[in-house]
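# Descriptive analysis of the structure
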Amino acid sequence: VRWQLDPCPALPTTPAVRNGRLFYQDAQAVVCLDSASGAQLWRSPRFAPEKRPGWSAPTLVACDEVVLCADRRDPPKDNTDEKTGRPIARWLTDEGPPGELVALSARTGEQLWSCLGAETYHAPVDVFVADGLVWVGQSRSRTGPDLNEGRDLLTGEIKRRLVTDEAFDTTMPHHRCHRNRATERYLVTGRTGVEFIDVRSGECEANHWTRGVCQYGVLPCNGLLYVPPHSC
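Below is a summary of the structure that appears in this document. Predicted, not measured: the structure shown is a model, and the values here were computed from it.

## Observations regarding the packing of aromatic side chains
Overall, the coordinates contain two aromatic pairs when judged by the stated rule. Arranged with centres 6.0 Å apart and planes meeting at 45°, the rings of Phe23 and Trp42 form a pair that is tilted. Here the residue Phe23 occupies a position in strand 2 (residues 21-25), and Trp42 occupies one in strand 4 (residues 40-45), the gap between them amounting to 19 residues. The burial state of Phe23 is the same as that of Trp42; both residues are buried. Between Tyr186 and Phe196 the ring centres are 5.4 Å apart and the planes differ by 80°, which places this aromatic pair in the edge-to-face class. Linking Tyr186 in strand 15 (residues 186-189) with Phe196 in strand 16 (residues 194-198), this pair joins segments that are ten residues apart in sequence.

This is the structure:
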């Protein structure tokens, strides 16, 4: 044992390692440690709501220069969706209040930019870095077209727009009960079964009868898509 945090303050699923640094989020901040010694390098304030469903947790992605951290916020008092301006059904509010993606400097912890984010159905916020751009889920529980904006890692500027309506067009009542996945070439979503969205062309290919298992989902790896038994 080289070093340890006891008790460990990291929230579930948040620890990530990149370039000799360990990043995680606790209830009050995003923290960066030296991965060899455990020494704290910086701490950037980031409040995490304590009252939440068991499946809800922050999403933290570590890149070379940027740390991306997305999480839910407390529901708005007026129950209005920030993206559409329309009222939100109560069950959507209860199962996924508005959220935010914050980009921090991996070197200093300074906040670089932020944007709207939202949890998917019974799963944390989707944050992917594919083809050098950031893709974040913003449609609450993925009920509409989403993951259609590719942002610059350092500035948050929208560099690419996709039309993802085809991937999210469905008669199913809700997104599958797991978070989505991505590769360098595709966003691999679970609105109905498995949908592949090409991050360069925006072309969508839907496979309605191939579905991921609850909570875990699917695993793209080795040029294949691994799909556990599902209960749908």
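## Let's talk about the sheet that holds strand 17 (residues 204-207)
The pairing of strands in a sheet comes from backbone hydrogen bonds and takes either a parallel or an antiparallel form. Strand order in this open sheet of four strands is 14-15-16-17, and the pairing throughout is antiparallel. A strand with exactly one partner marks an edge of an open sheet, and here the two such strands are strand 14 (181-182) and strand 17. Relative to strand 17, strand 16 is paired through four bridges, and the arrangement is antiparallel. Bridge pairing in strand 17 places Val194 opposite Asn207.

## Digging into the sheet that holds strand 9 (residues 123-125)
Spatially, 5-6-7-8-9 is the arrangement adopted by the five strands of the open sheet, whose pairing is antiparallel. Each end of this open sheet is capped by a strand with a single partner; those strands are strand 5 (59-62) and strand 9. Going across the sheet, the axis of each strand differs from the next one's by a mean of 20°, ignoring polarity. Bridge count for strand 8 (residues 111-120) against strand 9 is two bridges, and the pairing is antiparallel. If you follow Glu119 over to strand 9, its bridge partner there is Val125.

## Quick look at the pattern of salt bridges
Under the defined criterion, the tally for this structure stands at ten salt bridges. Its salt-bridge partner being Arg142, residue Asp146 comes within 3.4 Å of it at the nearest N-O pair. A residue is classified by how much of its surface remains accessible, and Asp146, at 2% relative accessible area, is buried. Take Arg142: its relative accessible area is 0%, and that puts it in the buried class. Linking Lys159 and Glu157 is a salt bridge whose minimum nitrogen-to-oxygen distance equals 3.5 Å. Its relative accessible area of 48% is what places Lys159 among the partly exposed residues. With a relative accessible area of 45%, Glu157 lands in the partly exposed category. Three or more residues joined by partner-sharing salt bridges are found here, namely Asp126, Arg142 and Asp146.

## Considerations on the pairing of strand 2
Counting buried positions over the five residues of strand 2 gives four, a clear majority of the element. Of the strand pairs in this sheet, strand 2 and strand 3 (residues 29-34) are connected by five bridges, and their pairing is antiparallel. For Leu22, the partnering residue across the bridge sits in strand 3 and is Leu33.

## Quick notes on the layout of surface pockets
Counted as a void, the largest pocket has a volume near 390 Å³. Lining the largest pocket we find 19 residues, and of these Thr59, Val61, Val127, Phe128 and Arg179 sit closest to its centre. When residues of the lining of the largest pocket are traced back to their parent elements, those giving at least two are strand 5, strand 10 (127-130) and strand 14.

## Considerations on the nonpolar core
Leu68, Leu101, Trp113, Val127, Val134 and Val136 are the most contacted members of the largest nonpolar core, which totals 13 residues. Secondary-structure elements contributing two or more residues to this core are strand 6 (66-72), strand 7 (98-105), strand 8 and strand 11 (133-136). It is strand 6 that provides the largest number of residues to this core, a total of three residues.

Each value, and the rule that gives it
- Residues numbered from 1 in each chain as written.
- Predicted model: local features only at pLDDT ≥ 70, side-chain atom pairs only at ≥ 80, totals over all residues.
- Heavy atoms only, no water.
- Phe/Tyr/Trp six-rings, centres within 6.5 Å; stacked < 30°, edge-to-face > 60°.
- Helix = DSSP H or I, 4+ residues; strand = E, 2+ residues; numbered from the N terminus.
- Buried < 20%, exposed > 50% of the residue type's maximum accessible area, 1.4 Å probe, protein only.
- Pairing = 2+ DSSP bridges.
- Axes fitted to C-alpha atoms, helices over the stretch in contact; angles between N-to-C directions.
- Salt bridge = Lys/Arg side-chain N within 4 Å of Asp/Glu carboxyl O.
- 1 Å grid on protein atoms, 1.4 Å probe; cavity = no way out; pocket = protein on both sides within 12 Å on 5 of 7 lines; lining within 4 Å.
- Points joined across faces, edges and corners; volume = space filled by probe spheres on them.
- Core = buried A, V, L, I, M, F, W, Y, C linked by side-chain atoms within 4.5 Å.

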